[in-house]
Amino acid sequence: MTEEEKNPQAGASPEETPADAPEAAGSEEEEREVVEDLAGEEAVAEGEVAEDLGTTAVKGPAFDQDEGQIQTDTERNRRKERVGLVVSDASEKTVTVTVETLIRHKKYKKRTRRTKKFMVHDEQNAAHVGDTVRIIETRPLSKRKRWRLANVISRAE
């Protein structure tokens, strides 16, 4: 191998090297200007930022629980949602919800109902037997509770 093949920079003409240098220096100057502009800005309180966003600056599982809305926090993964019927509210802060799904048989193509029970965390004890509720997947809260109540869709009559 020749020296030029080993080190491609060594064979570069002197005209190419100085042309690159001013561009690098210009980008550094632009970065300094941006940093100076940001340094001149006033500090903004967290409450003001929350007002600008239109929501409270609270994080965690109770993010949307007060409003009864489905959590749409983009930092967290998309959570599973189910709609079901409350079958038991005997425990405190816990309800049992059954969710029915229709499954199509592979061979016979007949649709069958599958029912699954979920233990759901209900902080305010808002749901009662017979209510239709929306539940959201969450972190494990106990041995069997991995869901929390999002909102009550309709009340039992």
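Above this text you will find the structure in question.
Let me begin by describing the structure that accompanies this report. (Residues numbered from 1 in each chain as written. Predicted model: local features only at pLDDT ≥ 70, side-chain atom pairs only at ≥ 80, totals over all residues. Heavy atoms only, no water.)

Let us now look at the overall build of the protein chain. Along the protein chain, the regular secondary structure elements total three helices and five strands. Each helix (α) and strand (β) of the protein chain, taken in turn from the N terminus, gives the series α-α-α-β-β-β-β-β. Considering only contacts in the protein chain between residues 6 or more positions apart, those separated by 24 or more positions represent 48%. Accessible surface computed for the protein chain: about 12,700 Å², of which carbon and sulfur atoms make up 48%. (Helix = DSSP H or I, 4+ residues; strand = E, 2+ residues; numbered from the N terminus. Contact = heavy atoms within 4.5 Å. Areas by Shrake-Rupley, 256 points an atom, 1.4 Å probe, with all protein chains shown as cover.)

What follows concerns the nonpolar core. In terms of nonpolar packing, the biggest core is built from eleven residues, these being V86, V95, V97, V99, F118, V120, A127, V133, I135, W147 and L149. When residues of this core are traced back to their parent elements, those giving at least two are strand 2 (94-104), strand 3 (111-121), strand 4 (132-137) and strand 5 (145-154). Per-element accounting of this core gives the leading share, three residues, to strand 2. When sequence neighbours within four positions are dropped, the list of residues in contact with V99 reads R82, V83, G84, R114, T115, K116 and F118. (Core = buried A, V, L, I, M, F, W, Y, C linked by side-chain atoms within 4.5 Å. Buried < 20%, exposed > 50% of the residue type's maximum accessible area, 1.4 Å probe, protein only.)

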